Amino acid sequence: LDGYNETSGVTLPANGSYVQIATDGTLNNQQQLNKQIAWQGLITFSQQSNFKTNISFTNTTNQTIYVVVGNTNYYGFKIIDSTLYGVTYDGATEKTISLQSITATTYNLEARYTPNDKVIFLVNAVEKGVIVANLPSATDTSNIHLMDITVKATAVEVKTIQVSFFEYLQTRNILQ
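Residues numbered from 1 in each chain as written. Predicted model: local features only at pLDDT ≥ 70, side-chain atom pairs only at ≥ 80, totals over all residues. Heavy atoms only, no water.

**A few points about the sheet that holds strand 1 (residues 5-6)**
What holds strands together in a sheet is hydrogen bonding between their backbones, with the strands either parallel or antiparallel.
So, point 1. With antiparallel pairing, the seven strands of this open sheet are ordered in space as 1-4-13-6-7-8-9. Looking at the sheet topology across the chains shown, the edges are occupied by strand 1 and strand 9 (94-101).
So, point 2. Strand direction decides the pairing type here: strand 1 and strand 4 (residues 30-36), joined by two bridges, are antiparallel. Directly across from N5, in strand 4, lies its bridge partner N34. (Pairing = 2+ DSSP bridges. Helix = DSSP H or I, 4+ residues; strand = E, 2+ residues; numbered from the N terminus.)

Right under this line is the structure:
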């Protein structure tokens, strides 16, 4: 977890094969893992980007989970109880699209962002939905969080997810 910002509920097992994020069993407890980059101009919403991740769910009730790129503007995935959504946020309004129901198992998630156009959402390599509204602003050249994963318990229960990888790719136009 070197180089990441995490709250107390983020742990790494001895074999290092995944990161576990777990709430502490109190109402509205929220745990978070994010990656802030040192040079804020490197990650930007002015360029095409996408991310892939693998996430395992042990719970499918009384939870709200975000797996996104960005924080003041963002795109990615939102889970409310057992429903997986694609999500975008333009700094003022969040837009969601229902992608599918989830069970206590593992999923490969991918989001493909095209500035000022759309975000395509895939689950286990199958396209599940597209959002064309409330996209992160392409004029926002300083994306504070490369990765932001948040788990919130909406009941007095422990909520746990495991993330085995997070891959981010962005087009770079440094020669313009």
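Having seen the structure, we can now continue with the description.
**Side note on the side chain of T53**
So, point 1. Secondary-structure assignment places T53 in strand 5 (residues 49-57).
So, point 2. The exposure class assigned to T53 is buried, which follows from its relative accessible area of 1%.
So, point 3. Beyond its immediate chain neighbours, meaning those up to four positions away, T53 contacts V67, Y107, N108, L109, V163, F165 and F166. (Buried < 20%, exposed > 50% of the residue type's maximum accessible area, 1.4 Å probe, protein only. Contact = heavy atoms within 4.5 Å.)

**Regarding the pattern of salt bridges**
So, point 1. Using the criterion set out here, one finds three salt bridges in the structure.
So, point 2. A salt bridge links R112 to E110, with the nearest nitrogen and oxygen atoms 2.8 Å apart.
So, point 3. Here K159 and E157 are joined by a salt bridge, their closest N and O atoms 2.5 Å apart.
So, point 4. K159 gets classed as buried once you look at its relative accessible area, which sits at 2%.
So, point 5. You can call E157 partly exposed: its relative accessible area is 28%. (Salt bridge = Lys/Arg side-chain N within 4 Å of Asp/Glu carboxyl O.)

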